Amino acid sequence: MEKSSTDNNAYVGCFIDTVSQRLFPHQYLLSRYHPDTENNMCLLYCKEKGYMYSGTQYGFECYCGDDPYQHCPDKYVQDYDCDMECYGDSGQMCGGFWRMSVYKTGSNDYVGCFIDTPTRLFPYKYLLNNGSHPPDMENNMCLLHCKEQGYIYSGKQNYEECWCGDDPYWYCPENVDDYYKEPRYNCDRECLADSQQICGEDGEYQYIKQIMRLNREKTF
């Protein structure tokens, strides 16, 4: 039975992990073993880092990512394959041998990888007073800045750039597969401040952004 502090509605399922294709890119590392590891602790950590999903494995490991289905849809397996008790709570299951208990964190949603053009996908670029990019740029920092500025979306580009706007679909209707939305793997540049995160891509003729959805809040 899962600990009550973890929302059961957040549970996604038990997934296969492999050494060649890790399910999630970011691991919570303080030491080799986390004696207090349980699902809610991992979920809150990943949410704080801006990831959409958290995953526990081997009873003591915590991972964060944005898409447990990125490699193939059949990564999902039966719940009983996640059969290792959490080190921090024997009443919970924290994955298993190359099995990960995956939860939604409730963080802001990943929208997709989009092509940018000279007309610019988003109108606002985050720059310091001296005209430079913030040296500690990563996804959550950009997302929070755009939220503070009142925008609905944030986008990362070329590993260090942060852009804000309200409509990444203004080139074309949202339900149309078109030139302006790319496969996620085309956004493959590591973030300047966190190599475990992806911050868009650069290219000779096109620019692609990784877009994160924001919960819009009234500023008054």
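Conventions used here
- Residues numbered from 1 in each chain as written.
- Predicted model: local features only at pLDDT ≥ 70, side-chain atom pairs only at ≥ 80, totals over all residues.
- Heavy atoms only, no water.
- Helix = DSSP H or I, 4+ residues; strand = E, 2+ residues; numbered from the N terminus.
- Buried < 20%, exposed > 50% of the residue type's maximum accessible area, 1.4 Å probe, protein only.
- Polar contact = N/O pair within 3.5 Å; in protein donor to acceptor, adjacent residues only side chain to side chain.
- Disulfide = S-S within 2.5 Å.
- Phe/Tyr/Trp six-rings, centres within 6.5 Å; stacked < 30°, edge-to-face > 60°.

Engineer: Would you mind showing me how to read the environment of Glu-61 here?
Structural biologist: Within the secondary structure, Glu-61 is located in strand S4 (residues 61-65). With a relative accessible area of 5%, Glu-61 lands in the buried category. Separated by 25 residues in sequence, Glu-61 and Cys-86 have C-alpha atoms that sit 9.1 Å apart. A distance of 2.7 Å separates a polar atom in the side chain of Glu-61 from a polar atom in the side chain of Tyr-63.

Engineer: Just checking my understanding: could you explain the state of the cysteines for this structure?
Structural biologist: Throughout this description, disulfide means a covalent bond between two cysteine sulfur atoms. Under the definition given, this model contains six disulfides. At a sulfur-sulfur separation of 2.0 Å, the disulfide partner of Cys-14 is Cys-82. Residues Cys-14 and Cys-82 share a disulfide whose torsion about the S-S bond is about 95°; that sign makes it right-handed. With Cys-14 in strand S1 (residues 11-16) and Cys-82 in the loop between strand S5 (76-77) and strand S6 (85-86), this residue pair connects regions lying 68 residues apart in the sequence. Accessibility assignment for this pair places Cys-14 and Cys-82 in one class, buried.

Engineer: Could you clarify how one ought to interpret the packing of aromatic side chains in this entry?
Structural biologist: The geometry of two aromatic rings is summed up by the distance between their centres and the angle between their planes. Counted by the stated rule, this structure contains nine aromatic pairs. An angle of 65° between the planes, with centres 5.1 Å apart, marks the rings of Tyr-11 and Tyr-103 as edge-to-face. With Tyr-11 in strand S1 and Tyr-103 in strand S8 (residues 99-104), this pair connects stretches of sequence that are 92 residues apart. You can call Tyr-103 buried: its relative accessible area is 1%. Where Tyr-124 meets Tyr-151, the ring centres are 5.6 Å apart and the plane angle is 25°; that geometry is what we call stacked.

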